[in-house]
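# Structure at a glance
Read off the chains here:
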Amino acid sequence: MNVRKAVIPTAGLGTRFLPATKAIPKALLPVLDTPVIHLAVEEAVVAGIDHVIMVVSPNQEAISAYFDASSDVARMLERQGKSALLERVSDLTKKVTITYAQQREPLGNGHAVLVAKKEVGDEPFAVLLPDDVIRGGDSTIGRMIDIYRETGGPVIGVAETPEETIPQKGVVAPTRQDGRVYEISGLVEKPSIEEAPSNLAVVGRYVLPPETFSALERTRPGAGGEIWLADGIAALLKTHRGTAYRFSGELFDTGVPAGMLKASLREALERDDISDEIRAFIRDLAP
Ligand code: UTP
């Protein structure tokens, strides 16, 4: 079955990015000048997704305002023939339907996905956690959708992670490898380095069968009292054939200031209009 829908949870508190996130949703913080939510929707559209379900908290009207092509600012700039970025936003919204599901309390990223159950219905879907920004390489979620078409089971994006970070990550247990694609038998949350079944850590890209919702409904709150998507998928892997995909691009964790700064610098160095200025600045800063 084709994968047409993507769920993008944005309703978390973003405590690791305070104080900025006190008043601004984390998903609207920019990599250089483009909000991470824009990058996630763009990635979904490139992969052929035609309906994005955004999971928002009750006070996140700013996110729907961002995608509102008929806002006053958009109309004014259109009249003045200005702003390439706003054009990019309206271009994007022409290619995809965006609807909103409300998560009243931040009960975890698994709970956020569950909130989108009605909108997704009985079909497979992609999940993109917008903090994990992937630049360059093949379309990660697009390649994962191709794999789902072959397997019909959960497909999880993974990246090799340095050994010392393993105890903070979800790690997959591979049983067979074919290039970037691994058959997996399970998923272990935050293992010790000795117990870790591999160094392949889960990143925020998934393509999942509709049975994920019933697995999440059975999932009890885990660490921090939250319902974790990884726990729901771990349960699903007991009955479904799972696959991990080691994507080819570069990963930035923009949910923390250092990751966001690195992503912005990478982007700036690729922009013709400012790359020389930024390169010179970095050289002066750290000769
Ligand atoms: P994170 O755990 O990275 O986000 O969730 P967070 O909880 O907002 O961040 P910290 O730990 O407090 O700094 C990954 C994605 O899942 C969403 C977040 O908004 C983020 O996009 N999320 C998380 C929800 O939508 N709801 C939740 O209850 C938790």
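Residues numbered from 1 in each chain as written. Predicted model: local features only at pLDDT ≥ 70, side-chain atom pairs only at ≥ 80, totals over all residues. Heavy atoms only, no water.

## A look at the overall build of the protein
In terms of regular secondary structure, the protein is built from 11 helices and 13 strands. Each of the 287 residues in the protein was classed as buried or not, and the buried ones make up 48%. When the accessible area of the protein is evaluated, it comes to approximately 14,300 Å², of which 51% is carbon and sulfur surface. (Helix = DSSP H or I, 4+ residues; strand = E, 2+ residues; numbered from the N terminus. Buried < 20%, exposed > 50% of the residue type's maximum accessible area, 1.4 Å probe, protein only. Areas by Shrake-Rupley, 256 points an atom, 1.4 Å probe, with all protein chains shown as cover.)

## Observations regarding the packing of helix 10 (residues 257-269) against helix 11 (residues 275-285)
Put simply, helix 10 and helix 11 touch, their axes get as near as 8 Å, and they point 130° apart. With respect to helix 11, the axis of helix 10 lies oblique. Contact residues: Leu-265, Ala-268 and Leu-269 in helix 10; Ser-275, Ile-278, Arg-279 and Ile-282 in helix 11. Grouping the amino acids of the contact of helix 10 with helix 11 by side-chain chemistry returns 5 nonpolar, 1 polar and 1 charged. (Axes fitted to C-alpha atoms, helices over the stretch in contact; angles between N-to-C directions. Parallel < 35°, antiparallel > 145°, perpendicular 65-115°, else oblique. Contact = heavy atoms within 4.5 Å. Nonpolar A, V, L, I, M, F, W, Y, C, P; charged D, E, K, R; others polar.)

## Examining the site of the ligand
Close to the ligand lie 17 residues; Pro-9, Thr-15, Arg-16, Gln-103 and Gly-108 are nearest. Within the backbone of Ala-11, a nitrogen or oxygen atom sits 2.8 Å from an oxygen atom of the ligand. Burial of the ligand by the protein amounts to 87% of the accessible area it has alone, namely 560 Å². Residue classes in the shell around the ligand are distributed as 7 nonpolar, 7 polar and 3 charged. (Near = heavy atom within 4 Å. Polar contact = N/O pair within 3.5 Å; in protein donor to acceptor, adjacent residues only side chain to side chain.)

## Some thoughts on the packing of aromatic side chains
One pass over the full model with this rule turns up 2 aromatic pairs. Ring centres of Tyr-66 and Phe-67 lie 5.0 Å apart, and the angle between their planes is 85°; this geometry places the pair in the edge-to-face category. Phe-67 carries the same exposure label as Tyr-66, and that label is buried. Ring centres 4.8 Å apart and planes at 15° place the aromatic pair Phe-125 and Phe-213 in the stacked group. (Phe/Tyr/Trp six-rings, centres within 6.5 Å; stacked < 30°, edge-to-face > 60°.)

## Brief notes about the environment of Leu-18
Tracing the sequence through the fold places Leu-18 in the loop between strand 1 (5-9) and strand 2 (30-31). Taking relative accessible area as the criterion, Leu-18 reaches 48% and is therefore assigned partly exposed. Sequence separation between Leu-18 and Pro-106 is 88 residues; the distance between their C-alpha atoms is 16 Å.

## Description of the pattern of salt bridges
Applying the stated criterion across every chain yields a total of 14 salt bridges. Residues Arg-205 and Glu-43 are paired through a salt bridge, measuring 2.9 Å at the closest nitrogen-oxygen approach. Pair noted here: Arg-205 is in strand 11 (residues 200-208) and Glu-43 is in helix 1 (residues 36-46), with a separation of 162 residues, a long-range link. Summarising the burial analysis for this pair, Arg-205 and Glu-43 share the class buried. (Salt bridge = Lys/Arg side-chain N within 4 Å of Asp/Glu carboxyl O.)

## So, the nonpolar core
Grouped burial of nonpolar side chains is what soluble globular proteins tend to show. The biggest cluster of nonpolar side chains holds 45 residues, and the ones touching the most others in it are Ile-8, Val-41, Ile-49, Val-52, Met-54, Phe-67 and Val-207. Per element, the largest residue contribution to this core is 7 residues, and it comes from helix 1. Not counting residues up to four positions away in its chain, the partners in contact with Ile-49 are Val-3, Arg-4, Lys-5, Ala-6, Ala-44, Val-96, Ala-126 and Ile-145. Membership of the second largest hydrophobic core comes to 30 residues, among which are Ile-53, Phe-125, Ile-156 and Ala-244. (Core = buried A, V, L, I, M, F, W, Y, C linked by side-chain atoms within 4.5 Å.)

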